[in-house]
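Notes for the structure review
So the chains spell out like this:
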Amino acid sequence: MSQTITHKTTHGPAPESLGPVTSEEAKLLEKLDLTRLPRHVAVIMDGNGRWAQKRHLPRIAGHRSGTQSARTTIETCARLKIEALTLYAFSVENWRRPKTEIDFLMQLLREYLKKEMPLLQKNEIRMRFLGRIDELPAGVQKDVREATEKTAGNKGMVGHGAPDKVTEEQLSQHLYTEGLPDPDLLIRTSGEMRVSNFLLWQIAYAEIFVTETLWPDFNRARLLEALVEFQKRERRYGGIREGESSSDENPARAAGH
Ligand code: FPP
């Protein structure tokens, strides 16, 4: 299950919207073009267990600490007026973890929703939960639905229909992320080079940023660093670099064949 946080953009962000910044953050902000930010950032929050282990703490201490990184990431993205942020909170594979850890994660999510609701409302953030919500414990389902309703705003329903032939567009409309742009940037913490079954269809053209930083250490500077790195990438979507076109002479090559 992942949480998507959406934020309606009416105008571009001003750097001051972040409030006081450290000198490291200021340097990163200088490098960042606030008019070319990704529309949708997706994050695989990994490394909570390792963070705790390094400190001889139980794994759950890492998860608790990770909620602070989630808060910082949510608030920063909202203030930068990034349209959508998806956090990978619990995967189907995570059911294989010890029951005590699963129970803790579920409880943490409930606590988190309760505690962060004012922040979400203040920043006009709309919360959506992606995934098999029905498989979560009843209390969590209730809180998740309540959080969705409380932050809903106006949103059209998914159209129904049974097309003969499924097009890419129709398929996208039937995914959990319906109505959201595909992630432009996928961040994964703790150095693993995997996408771990996360939004597989939607990340087809996402730029992937993997950092060694463990999730509880992922602060605002690390997020800005990921955004700066994203802007250095040249997104060609399978095409070729501008000014290098040979399409007139050799259309097949230019089309990537
Ligand atoms: C990965 O660390 C993280 C998770 C299983 C997801 C849970 C994320 C949080 C608790 C932080 C944000 C929380 C909320 C409620 C938004 P891991 O346990 O896989 O770490 P490891 O690979 O080092 O063992």
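Residues numbered from 1 in each chain as written. Predicted model: local features only at pLDDT ≥ 70, side-chain atom pairs only at ≥ 80, totals over all residues.

Regarding the overall build of the protein
Scanning the protein for helices and strands turns up 8 helices and 6 strands. Listed by position from the N terminus, the elements making up the protein come as β-α-β-α-α-β-α-β-α-α-β-β-α-α. Here the protein holds 257 residues, and 31% of them are scored as buried. In the protein, of all internal contacts separated by at least 6 residues, the share reaching a separation of at least 24 is 73%. (Helix = DSSP H or I, 4+ residues; strand = E, 2+ residues; numbered from the N terminus. Buried ≥ 20, exposed ≤ 12 C-beta atoms within 10 Å, placed from the backbone. Contact = placed C-beta atoms within 7 Å.)

Considerations on the pairing of strand E3 (residues 84-88)
Where burial is concerned, most of E3 is hidden: 5 out of the 5 residues are buried. The two faces of E3 match: Ala84, Thr86 and Tyr88 on one face and Leu85 and Leu87 on the other face are all buried. Judged from the 5 bridges that link them, strand E2 (residues 40-44) and E3 form a sheet pairing that is parallel. Bridge pairing in E3 places Val41 opposite Leu85. (Pairing = 2+ DSSP bridges.)

What about the packing of helix H4 (residues 99-122) against helix H5 (residues 138-150)?
At a minimum axis separation of 10 Å, H4 and H5 run at an interaxial angle of 25°. Viewed along their axes, H4 and H5 adopt a mutual orientation that is roughly parallel. Note that H4 runs across H5; the crossing there is left-handed. Where H4 approaches H5, its residues Met106, Leu109, Arg110, Leu113 and Met117 are matched on the opposing element by Gly139, Val140, Asp143, Ala147 and Lys150. In terms of residue class, the contact of H4 with H5 is made up of 6 nonpolar, 1 polar and 3 charged. (Axes fitted to C-alpha atoms, helices over the stretch in contact; angles between N-to-C directions. Parallel < 35°, antiparallel > 145°, perpendicular 65-115°, else oblique. Left-handed = near helix turned anticlockwise from the far one by under 90°. Nonpolar A, V, L, I, M, F, W, Y, C, P; charged D, E, K, R; others polar.)

Section: H5
Think of an α-helix as 3.6 residues a turn; residues three or four steps apart then line up on the same face. A rise of 1.5 Å per residue sets the reference length of H5, with its 13 residues, at 18 Å; its end C-alpha atoms lie 18 Å apart and thus fit the reference within 8%. Along H5, the positions that sit buried rather than exposed are Val140, Asp143, Val144 and Ala147. Down the axis of H5, the smallest arc covering the buried residues is 100°, so these residues share one side. Turned more than 90 degrees away from the buried face of H5, the exposed residues are Ala138, Lys142, Arg145 and Glu149. (Expected span 1.5 Å × (residues − 1). Arc of directions from axis to C-beta.)

Points about the site of the ligand
Lining the immediate surroundings of the ligand are 18 residues, of which Asn48, Gly49, Arg50, His63 and Gly66 lie closest. For the shell around the ligand, the elements supplying multiple residues, two or more each, are helix H2 (48-54), helix H3 (59-79) and H4. (Near = placed C-beta within 6 Å.)

What to know about the nonpolar core
Of all hydrophobic cores here, the largest spans 46 residues; its most connected members are Val41, Val43, Leu85 and Leu185. Here this core takes 5 residues from helix H7 (residues 220-232), the largest share from any one element. Ignoring anything within four residues of it in the chain, the contact list for Leu85 reads Thr4, Ile5, Val41, Thr73, Ile74 and Cys77. (Core = buried A, V, L, I, M, F, W, Y, C linked by C-beta atoms within 7 Å.)

Some thoughts on the confidence of the model for the protein
On average, residues of the protein score 86 in pLDDT, and 87% of them reach the 70 mark or higher. Mean pLDDT values over the elements of the protein span from 42, in helix H8 (residues 251-254), up to 98, in H2. A low-confidence stretch, residues 154-158 (pLDDT under 50), is modelled with 3 contacts involving residues beyond four sequence positions or located in other chains. (pLDDT = per-residue confidence, 0-100.)

Considering unusual backbone geometry
For Ser190, which is not a glycine, the phi torsion comes out positive at approximately 70°. Topologically, Ser190 is positioned in the loop between strand E5 (185-188) and strand E6 (207-210). The exposure class of Ser190 is buried, given the 21 C-beta atoms found within 10 Å. Phi is positive for Asn197, which is not a glycine, with a value near 65°. Here Asn197 is to be found in the loop between E5 and E6.

Section: the environment of Tyr205
By the secondary structure assignment, Tyr205 is in the loop between E5 and E6. Considered as a pair, Tyr205 and Tyr237 are 32 residues apart in the sequence and their alpha carbons are 6.7 Å apart. Once you skip the residues sitting within four places of it in the chain, Tyr205 turns out to touch Asp182 and Tyr237.

A short note on the pairing of E2
Of all 5 residues that make up E2, 5 are buried, and the element is covered over most of its length. Covered by surrounding structure in E2 are His40, Ala42 and Ile44 together with Val41 and Val43, the residues of both alternating faces.

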